[in-house]
Amino acid sequence: MNLSELFDLTFKGCAGRTALEFQSSSFTFRDLEARSNRWANELRKKRFEPGDRLAVYLPNCVPLIEAFLACVKTGVIFTPINVLYRAREISHILTDAEPRTLLTNREMSAHVPDTTAPWLIEEAAADVERQATEFAALALEGDAPAGLVYTSGTTGRSKGAVLTHDNFSANATVLNTCWRMSPDDRMLLGLPLFHVHGLGNAVHTWLTTGYRVRLLERFRKETIFDEFLDFQPTVFFGVPTMYERLLSASPDMARAIGSRMRLFVSGSAPLPAAKLERFRELYGHTILERYGMSETLMNISNPYAGERRPGSVGKPLPGISIRLVDPSAADATQEVGEGETGELLIKGANVFSGYWRQPEATRDAFTPDGYLRSGDLAVRSSDGYYTLQGRKTELILCGGFNVYPREIEEFLCEQPAVADAAVVGIADNVKGQVPIAYVVSAGEAFDEESLRDCCREHLASFKLPRKIIRVDALPRNALGKVQRHLLPSEEYG
Ligand code: MLC
C-alpha cells in the first residue's frame, strides 16, 4: 500500500475533524485533502514526473505539508532542506539531488544560490488556488521513493537518504501501535519538518491516525509554555534540548501541563538520565526515549506500558532485527556478548533503500546479509534493553542536529588564514554537545573574529565553532590522522 492509500483512511474516516492548527487558522482533514489536491494538480501542470525531486526550503508552515502530500500523490520525491542551511550547503544539495524546482519563500530566497531561480510560495499560492480540488493519486508501489532526506556523511558532505513509501508507512504503523496513538490525541508540534523526527514520526503518525496537531513555526523557549497551556496537548515529540528548555517551568506550570499530557517522547540525541529524572519530578511524566536515524526512521523504543529505563533507548520495535557486532572487526559479523559494546546493525521494513546516486556508499552501508551498519555503538542488558555508547565516528550532536567535524574542518581549511584545523565536540548542558575548533594559522595575519564572521556567514548556526583555539600544530599520527585525544582539553562556558 502506498502512502496516499494509507492516508486516505484518515482523510475519508476523519474528514470533518480538525486536523491542523497553524497560527490563527485551522483546517479539517477534508480541507487538507482538497488543498493538497490543488498542489498536486499544480505540480502536474508544472510537468513534474514521478521520480522528479521537489526541494523544499521552508520553515514549518501549512503549504509545506500540502506540498509534501502533493509529492506523495504524484510520485514526486519530497526533498526537504534544513532552514538553517546557507548558500554553500544548499548548493551541495541542489547539485546532488537535481530537483526540478526549489520551493521557498521570499525571505529565505536570499540564501538560495544565484544559479537557482526559486519557486516562491507567495507566487505559487495564487496558481495553486486556481487548481481543482480533485486529484486521482498515482498507483505507486510501496517501494517507490517518497522522500530524499539529507544526512551528514562521514566524508563530511551530506548524503541523500532515499526513503520509500514503505519505509514511512512501516514506521508510522509501528509507532501508532507501540505508542498508542489515537484520533483523540492532540500534538503540539515544534520539531522542524525537514528532519525525520518531525516528518517521519509526527506527520506520519498524525496522517495515519487522525489526531489534531498544533503546528509551530518553530520551538521557541519564550512562548512554548503558553502554547502548552493554551492548546493542552496530550502528546509531544522533542529533542533533549527542548526538554532542557521545558525544565525551566515553575512547578505549578509543569503540573498543569503534565495533567493533560499522555506521552512525552525524546529522540535524535541522547537524553541524560538525570534530565529524565528531573523532568519526572517536575511534570509527573517519564519521558519515553527512543532511537532512530534518518536512514531508518525508528528502530528501538522504551515501552509505553513497561519500564522506561533512564539512559536506555529500550528494545527493538516490532519487525526490526538488531544485532550488536564487534566494531573493530572489518567484516562486522562477530556478535559481541552481553554487556559488551558493539555496533548496532539494523534490518527491517523501515530501513532505507540507499544513498541517492551513491552505489558505493550504499554498498558500504550494508553487511552482505542485508543489515544496515548504523555506526552507533551500544550495549544490551540481560533483559534486552539497549543503551547507546556514542558514535563509531566523531559525530557531534548539537541540539539534535548532526554536525560532522570533517565538514567544518574542510571549510576552515579553505580560508586563507588557516593552515590546518580540527573540530571536536564538547559537552554543553543545553545542547548536549557543541563544536569547537583547533586552528593552525597560515601566517601572522590570523584574525579570530573575522574567521568567526566568515563561519557565521557560510555555515548553519548549529555548526559554528563556539570557540576557536589557536595551536601551533595538530597532533597527528603516522598516517596523518589527527589524534583528537591529544588536543589540549577545553571547556565551553
Ligand atoms: C533553531 N534555530 C532555528 C530553528 N531552530 N531557526 C529557525 N528555525 C528553526 N527551526 C536557530 C535560532 O534562530 C538560533 O540561531 C539558534 O538556532 C538557536 O536557537 P535557540 O532559540 O537558542 O534555540 P534552543 O532553545 O536552543 O532550541 C534549539 C532547538 C533546535 C531545539 C529548537 O536545536 C531544534 O529544532 N532541534 C531539532 C533538531 C531535529 O529535529 N533533529 C531531528 C533529526 S532526525 P542563532 O543564529 O541566533 O544562533 C534524527 C533521527 C531521529 O536525528 O532519531 O530523530
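Refer to the structure above for everything that follows.
Below you will find a few notes about this structure.

Rules used in this analysis
- Residues numbered from 1 in each chain as written.
- Predicted model: local features only at pLDDT ≥ 70, side-chain atom pairs only at ≥ 80, totals over all residues.
- Heavy atoms only, no water.
- Phe/Tyr/Trp six-rings, centres within 6.5 Å; stacked < 30°, edge-to-face > 60°.
- Helix = DSSP H or I, 4+ residues; strand = E, 2+ residues; numbered from the N terminus.
- Buried < 20%, exposed > 50% of the residue type's maximum accessible area, 1.4 Å probe, protein only.
- Lys NZ or Arg CZ within 6 Å of the ring centre and 35° of its normal.
- Core = buried A, V, L, I, M, F, W, Y, C linked by side-chain atoms within 4.5 Å.
- Contact = heavy atoms within 4.5 Å.
- Salt bridge = Lys/Arg side-chain N within 4 Å of Asp/Glu carboxyl O.

**Some words on the packing of aromatic side chains**
As enumerated under the stated definition, the model contains 18 aromatic pairs in all. When the ring of Phe264 is compared with that of Phe279, the centres are 4.9 Å apart and the planes differ by 80 degrees; the resulting orientation is edge-to-face. A residue pair is termed long-range when its members are at least 10 positions apart, and Phe264 in strand E12 (residues 263–266) and Phe279 in helix H11 (residues 273–283) qualify at 15 residues. Note on accessibility: Phe264 and Phe279 belong to one class, buried. Their ring planes at 75 degrees and their centres at 4.9 Å tell us that Phe352 and Tyr355 sit as a pair that is edge-to-face. Counting every residue linked through ring pairs, the aromatic cluster contains Phe228, Phe236, Tyr243, Phe264, Phe279 and Tyr283. Taking the ring centre of Phe48 as reference, the NZ or CZ of Arg100 above it sits at 5.8 Å. For Arg323, the ring lying beneath its charged end belongs to Tyr371, and the centroid distance is 4.8 Å.

**What to know about the nonpolar core**
Core analysis: the largest hydrophobic core is formed by 109 residues, its most contacted members being Leu20, Leu54, Trp206, Phe236, Phe264 and Tyr283. It is helix H3 (residues 62–74) that provides the largest number of residues to this core, a total of nine residues. With near-sequence residues (within four places) excluded, Phe264 lies in contact with Phe228, Phe236, Tyr243, Ile257, Phe279, Tyr283, His285, Thr286, Ile287 and Leu288. Membership of the second largest hydrophobic core comes to 50 residues, among which are Leu102, Tyr150, Phe401 and Val440.

**Brief notes about the pattern of salt bridges**
In this structure the tally under the stated criterion is 29 salt bridges. Glu33 is the salt-bridge partner of Lys12, the closest N and O atoms lying 3.0 Å from each other. With Lys12 in helix H1 (residues 3–13) and Glu33 in helix H2 (residues 29–45), the pair connects residues that are 21 residues apart, well separated along the chain. The exposure class of Glu33 is buried, given its relative accessible area of 15%. A salt bridge links Arg212 to Glu21, with the shortest nitrogen-to-oxygen separation between them at 2.9 Å. Of this pair, Arg212 sits in strand E10 (residues 212–215) while Glu21 sits in strand E1 (residues 18–22), and the two are 191 residues apart along the sequence. Judged by relative accessible area, which is 25%, Arg212 ranks as partly exposed. Connected through salt bridges with shared partners, the residues Glu21, Arg212, Arg214, Glu227 and Asp230 form a single ionic network.

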